[in-house]
Amino acid sequence: MKDSKVLEIKPEVFWLGVLDYDIITFDIVMETKFGTTYNSYFINAEKKTIIDTVKETFWDVYLKKIESLTDPTKIDYIVVNHTEPDHSGCIRNLLKLSPDLTVIGSGQALNYLQEMIGKPFKSIKVKDGDTIDLGNKKLKVIGAPNLHWPDTIYTYLEEDQILFTCDSFGAHFCKEEMFDDKVGDYSEAFDYYFDVILRPFSKFMLKAIEKIKPLNIAIICPGHGPILRSSWQRCVSNSEQRAMEYMEILKHKNKRILLAYISAYGYTAQMARQIAIGIEQAGDFDIDIVDIENILLGDLEEKIVMSNAILIGSPTINQNTLLPVYKLFSLISPLRDKGKPAAVFGSYGWSGEAVKLIEDHLKNLKLNVLIEGVAEKFYPNNGKAERLTLFGKSFGEKFLESATEPE
Ligand code: FEO
């Protein structure tokens, strides 16, 4: 089998992850032109321990890797740093092989896993500051919530000074050499990964980095991409820098307004431009007008992340909005975007249901819909441009009034 390699990281600590050269997009929206790896680690301590597993589709190759190191029925613990299925996907199969093994994770992680696996399993719930006793070694638990799920923890193998961080400090980058000093420059992949996956959670990233600063770290083992035995300081410092820059951007409120529209015949696009004129009359804003039909979802998500307010424009077609707008909804994170000022506009022919429908979705996603949306029957005619300018101006003014410091 081609991908059969395991790597020794330190004596009795191994990488047994899998290589995925062929993945095109991750989480449906993230372009992965360098492929990715799903990193799993094995600690051959008195308590035989796996840290995270791999995506379920790689079960066959993964099992062979485990078998090359140990009898899978003799594994004592699986430590789950994060439950997303690219890391937890093989736990169900391992439990079938070895029903007595114990799964260790945060409370949320165990809850999520219970839902995923659907059967009872032995577990130990851990929290920040706890220690997992492996007999001759110890794993210290570091709470790192919302990086990028609420369930996340880091684990630190004290005797070997290895920090396991799952998605943090990872990258979608695939090279079988795996060690950072052997794979060449992959900073483009590292930065892109941070920007798409972790930047929205910069506040939590900075807290986690503060927590790991006192540790004596020799190696960081992330959940994707190269193992950081030479460049972990640079990767942590890069992540810290990018997180601080993002927090600075958030402080400059009232600046960035995303005006995202879809337009069947150009009317809603014209509305967007007219509304932008009105917003500019209200203050000094950076307005980003985007046709959501012609932008990659990953790029659109980045624009949502970087915006301080969002206006969405959609025509009404058959009493509904359109698929690209539903995709946009999926990119809004109530956790991250809660309270972001918003408004809706759109053209219609017979009726104008899309505006109200989008408003309701945005409210359910916890955005702050500042003013009642505007729906125009076709466009432009009969003073509608002035009305749209006023709509934009009113939004800009209310936005300025509503500005508060970020949490
Ligand atoms: Fe790599 Fe959030 O999973």
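Everything discussed here concerns the structure shown above.
Model, not experiment: these values are computed from the prediction. (Residues numbered from 1 in each chain as written. Predicted model: local features only at pLDDT ≥ 70, side-chain atom pairs only at ≥ 80, totals over all residues. Heavy atoms only, no water.)

**Student:** How should unusual backbone geometry be read in this particular structure?
**Tutor:** Leaving glycine aside, a negative phi is the common case for residues, and trans is the common case for peptide bonds. Cis peptide bonds are those with omega within 30 degrees of zero, and the linkage from L147 to H148 qualifies with 0°. Along the chain, the position of H148 falls in the loop between β13 (138–143) and β14 (153–157). Of note in the backbone geometry, E12 takes a positive phi value of approximately 70° without being a glycine. On the basis of relative accessibility, which here comes to 35%, the residue E12 falls in the partly exposed class. A positive phi angle, near 55°, is found at Q161, a position not held by glycine. As for its position among the elements, Q161 is in the loop between β14 and β15 (162–166). (Helix = DSSP H or I, 4+ residues; strand = E, 2+ residues; numbered from the N terminus. Buried < 20%, exposed > 50% of the residue type's maximum accessible area, 1.4 Å probe, protein only.)

**Student:** When you look at the packing of helix α8 (residues 267–282) against helix α13 (residues 384–402) in this model, what are you seeing that I'm missing?
**Tutor:** Each pair of packed helices can be described by the angle between their axes along with the distance between the axes. In contact at an axis separation of 6 Å, α8 and α13 are set at 45° when each is read in the N-to-C sense. Here α8 lies oblique to α13, going by the angle between them. The chirality of how α8 crosses α13 is right-handed. Of α13, the residues touching α8 (which contributes M271, Q274, I275, I277, G278, I279, Q281 and A282) are A385, L388, T389, F391, G392, K393, G396, E397 and L400. Residues of the contact of α8 with α13, tallied by class, amount to nine nonpolar, six polar and two charged. (Axes fitted to C-alpha atoms, helices over the stretch in contact; angles between N-to-C directions. Parallel < 35°, antiparallel > 145°, perpendicular 65-115°, else oblique. Left-handed = near helix turned anticlockwise from the far one by under 90°. Contact = heavy atoms within 4.5 Å. Nonpolar A, V, L, I, M, F, W, Y, C, P; charged D, E, K, R; others polar.)

**Student:** Just checking my understanding: could you explain the pattern of salt bridges for this structure?
**Tutor:** Any two side chains of opposite charge can pair, so long as their charged atoms come close to each other. Taken as a whole, this structure holds 20 salt bridges when the rule is applied. One salt bridge connects K33 with E188, and the closest N-O pair in it is separated by 3.0 Å. Residue K33 is found in the loop between β5 (30–31) and β6 (36–38), and its partner E188 is found in helix α5 (residues 187–198); the two are separated by 155 residues along the sequence. In this structure K33 comes out as exposed when scored by relative accessible area, which is 57%. Exposure remark for E188: the relative accessible area of 47% places this residue in the partly exposed category. (Salt bridge = Lys/Arg side-chain N within 4 Å of Asp/Glu carboxyl O.)

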